Amino acid sequence: MRKIPFIAALLMSASVSASVSFSAADLKLQPGETTQLEIYMTNDASLEAFQMDIALPEGFAVQGTTKSEQTQLCGILEEQAYSYSVGITADGRYGIRVYSLDGLSLPPSSGQVLAVNVKADETVPFGQYELALTNIILSQGGVAVDLTDVAVQATVYQAFTLTVTTADPAMGYVGGDQGTFEAGQIVTVTATANEGYHFEGWAEGETIVSTDMSYTFTLNANTQLTAQFAVNFYDIIYIVGGQEWARDHVAYGAPFVLRDYTADDGYDFHGWIHEGQYDTMPAHDVTCVADLTTGLSALAESQQLVDVFTPDGRQVARQVSVGSLTDWPYPAGVYIVGGRKIVIVKR
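K.L.:
Sorry, what's going on with the overall build of the protein here?
P.N.:
What the protein contains, in helices and strands, is three helices and 28 strands. In the protein, which comprises 347 residues, the proportion classed as buried is 39%. Long-range pairs, those at least 24 residues apart, make up 61% of the contacts in the protein with a sequence separation of at least 6. Surface summary for the protein: the accessible area is close to 18,200 Å², and the carbon and sulfur share equals 49%.

What follows is the structure, given as structure tokens:
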């Protein structure tokens, strides 16, 4: 990088009010990273030209091989097609000279005027550093005006990567913070279970570090978290005669298979009644009610005449209609009707 002299027009000095001020945004970067030093100007009066030097601490340098790679004009300077030159000053600072080849003056304005690419060396220790905009000289009406130096803070920080995944996308998904963050950053990751599953915890390797679906922590190392989910179990509840007969604990998505049932003497079992039609276990309990009828009902539909016996073989009726059995004089109970055990209930 070539060394540059002062612009001749700026060598005059005067103690007049400049009505111009400069500022710069603080820098934050990692070792080996390049970022832009943003320089701002507030100009309340006409301005022909200015110069400044950037004093960089050890381990920092302006990045780029050409002028345009190192420094870019912004805002009013770009709009007015100003010219500029850059180079290393006699004392080793990075010098910038801004001027108009046509002798134009900048109108009053406020905003960013320069962007300088600054890189921290790979070996720069983490910590706070101070840069400075120095030797700031304006040209106003052919008079050079010195401005006070501007201090700029540069923070070289350690960064860590946070990676978040789900153990099984079919069971649930993740959200929240991911990517690269400054050491000590507070981050939050979230897990959401799909229907039929529940969240069990955040695993780092083989260790569960949290069971909170929304997990907030301080990032102080490269971290990879995996959201662990598990299947829910739901009950198939069997009701016979108004009472719970059995209960099966079935995993969500497992085949929906109902138990067999053998009806007591005197009853016919026609299957299980439940809401919905399922091939696999849904994400809720299912109550199944036994569809039972007495054998008497089936015989009544046939309209046949039958003989009736007690269970011990004593005949109590011969060739009677099935419909008449509910009005007969014998006690309610189990009888052999038409060769079948049937419960007869008196009206």
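K.L.:
I would appreciate a short explanation of the environment of Val 240 in the present structure.
P.N.:
Within the element layout of this structure, Val 240 appears in strand β21 (residues 233-240). On the basis of relative accessibility, which here comes to 15%, the residue Val 240 falls in the buried class. In the structure, Val 240 is positioned 32 residues away from Trp 272 in sequence and 9.5 Å away in space, judged by C-alpha atoms. Leaving out residues up to four positions away in the same chain, Val 240 has contacts with Trp 245, Tyr 261, Trp 272, Ala 290 and Leu 292.

K.L.:
What is the right way to read the pattern of salt bridges from this model?
P.N.:
Working definition: two side chains of opposite charge can pair if their charged atoms are close together. Applying the stated criterion across every chain, the model contains six salt bridges. Note that Arg 97 and Asp 53 form a salt bridge whose closest N and O atoms lie 3.1 Å from each other. Remark: Asp 53 occurs in strand β4 (residues 49-55) and Arg 97 occurs in strand β8 (residues 94-99); sequence separation between them is 44 residues. Accessibility expressed as a relative area gives 3% for Asp 53, which makes it buried. Among the ionic pairs, Arg 247 bridges to Asp 235, the shortest N-O distance being 2.8 Å. Of this pair, Arg 247 sits in strand β22 (residues 243-251) while Asp 235 sits in strand β21, and the two are twelve residues apart along the sequence. You can call Arg 247 partly exposed: its relative accessible area is 39%.

K.L.:
Help me understand the packing of aromatic side chains, please; the structure alone is not making it clear to me.
P.N.:
The description of two aromatic rings rests on the distance between their centres and on the angle between their planes. In total, this model carries 14 aromatic pairs according to the counting rule given. Aromatic pair Tyr 197 and Tyr 252: ring centres 5.5 Å apart, planes at 80°, arrangement edge-to-face. Taken as a pair, Tyr 197 in strand β17 (residues 197-204) and Tyr 252 in the loop between β22 and β23 (267-273) lie far apart in primary sequence, 55 residues in all. For Tyr 252, a relative accessible area of 23% puts it in the partly exposed group. Measuring from ring centre to ring centre gives 5.1 Å for Trp 245 and Tyr 261, while their planes differ by 90°; the resulting arrangement is edge-to-face. Here Tyr 261 lies in the loop between β22 and β23 and Trp 245 lies in strand β22, a separation of 16 residues in the sequence. The exposure class assigned to Trp 245 is partly exposed, which follows from its relative accessible area of 38%. According to the relative accessible area criterion, Tyr 261 is buried, its value standing at 13%. In this structure an aromatic cluster arises from ring pairing among Tyr 238, Trp 245, Tyr 261, Phe 269 and Trp 272. A cation over an aromatic ring shows up here: Lys 67 above the ring of Tyr 84, its NZ or CZ 4.4 Å from the ring centre.

K.L.:
What is the right way to look at the sheet that holds β17 in this model?
P.N.:
Backbone-to-backbone hydrogen bonds pair the strands of a sheet. The strands run either parallel or antiparallel. The mixed open sheet is built from five strands, whose spatial order is β15-β13-β20-β17-β18. Taken across any chain shown, the strands that pair with only one partner, and hence form the sheet edges, are β15 (179-182) and β18 (207-210). Averaged over neighbouring strand pairs, the angle between their axes works out to 40° when direction is ignored. Judged from the six bridges that link them, β17 and strand β20 (residues 223-231) form a sheet pairing that is antiparallel. Note on β20: the bridge partner recorded for Trp 202 is Ala 227.

K.L.:
Is there a simple way to think about the side chain of Thr 155 in this case?
P.N.:
You can see Thr 155 is positioned in strand β12 (residues 150-156). Within polar-contact distance, the side chain of Thr 155 engages the side chain of Gln 128 at 2.9 Å. Those residues in contact with Thr 155, other than ones at most four positions away along the chain, are Leu 27, Lys 28, Leu 29, Gly 127 and Gln 128.

K.L.:
What is the right way to look at the nonpolar core in this model?
P.N.:
Nonpolar side chains tend to gather and get buried jointly when the protein is soluble and globular. Grouped together as the largest cluster of nonpolar side chains are 41 residues, with contacts concentrated most on Phe 22, Leu 37, Ile 39, Phe 50, Leu 77 and Leu 114. Ignoring any residue separated from it by four or fewer positions in sequence, one finds Leu 114 in contact with Leu 37, Glu 38, Ile 39, Phe 50, Met 52, Thr 71, Gln 72, Leu 73, Cys 74, Leu 77, Ile 96 and Val 98. One finds Leu 162, Val 164, Val 187 and Leu 225 within the second-largest nonpolar core, a separate group that totals 16 residues.

Procedures and definitions
- Residues numbered from 1 in each chain as written.
- Predicted model: local features only at pLDDT ≥ 70, side-chain atom pairs only at ≥ 80, totals over all residues.
- Heavy atoms only, no water.
- Helix = DSSP H or I, 4+ residues; strand = E, 2+ residues; numbered from the N terminus.
- Buried < 20%, exposed > 50% of the residue type's maximum accessible area, 1.4 Å probe, protein only.
- Contact = heavy atoms within 4.5 Å.
- Areas by Shrake-Rupley, 256 points an atom, 1.4 Å probe, with all protein chains shown as cover.
- Salt bridge = Lys/Arg side-chain N within 4 Å of Asp/Glu carboxyl O.
- Phe/Tyr/Trp six-rings, centres within 6.5 Å; stacked < 30°, edge-to-face > 60°.
- Lys NZ or Arg CZ within 6 Å of the ring centre and 35° of its normal.
- Pairing = 2+ DSSP bridges.
- Axes fitted to C-alpha atoms, helices over the stretch in contact; angles between N-to-C directions.
- Polar contact = N/O pair within 3.5 Å; in protein donor to acceptor, adjacent residues only side chain to side chain.
- Core = buried A, V, L, I, M, F, W, Y, C linked by side-chain atoms within 4.5 Å.

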